[in-house]
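Here's the letter readout for the chains.
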Amino acid sequence: LWLDGNGGEEAQRAGFDGVYTYFAADGFSFGSTTGNWDRMARFAREHKMLFIPSVGPGYDDSKIRPWNRQNMRERENGGYYDRMWERALSAGASVVSITSYNE
């Protein structure tokens, strides 16, 4: 799981073959921020690791984590999901994970 800026290096040192981002909320963590995916994918390729970004149709876990409303992402009639897929594919991901809307 790539959470912060050093996630790739940490995974490599630990002997992992790849990394994934898990969270469906763009901006929730360094790894889930789609603007970082090109850099993360490049690191993975350079170190012969898989980069597996996680996409989702939006995100709302407020029923189980009411304190986490700042990470809610509206579905936007599919627009959010489309943008997540576009970013994953433009980063060159050959594998993509899907995280549900509400955990």
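Everything discussed here concerns the structure shown above.
The paragraphs below set out a description of the structure included in this document. (Residues numbered from 1 in each chain as written. Predicted model: local features only at pLDDT ≥ 70, side-chain atom pairs only at ≥ 80, totals over all residues. Heavy atoms only, no water.)

## Some remarks on the overall build of the protein chain
- Helix and strand counts for the protein chain come out as three helices and four strands.
- Shown N-terminal to C-terminal, the secondary structure of the protein chain runs as helices and strands in the order α-β-α-β-β-α-β.
- Against the compact-globule benchmark of 13 Å for 103 residues, the protein chain has a radius of gyration of 13 Å, which places it among compact chains.
- A principal-axis box enclosing the C-alpha atoms of the protein chain has dimensions of 40 × 25 × 15 Å.
- Looking at the protein chain as a whole, 41% of its 103 residues qualify as buried. (Helix = DSSP H or I, 4+ residues; strand = E, 2+ residues; numbered from the N terminus. Rg over C-alpha atoms; globule rule 2.2 N^0.38 Å. Buried < 20%, exposed > 50% of the residue type's maximum accessible area, 1.4 Å probe, protein only.)

## A word on the side chain of Ser-29
- With respect to the helices and strands, Ser-29 occurs in the loop between strand E1 (18–20) and helix H2 (37–46).
- Since its relative accessible area comes to 12%, Ser-29 is described here as buried.
- Excluding residues within four positions of it along the chain, Ser-29 makes contact with Trp-2, Leu-3 and Phe-23. (Contact = heavy atoms within 4.5 Å.)

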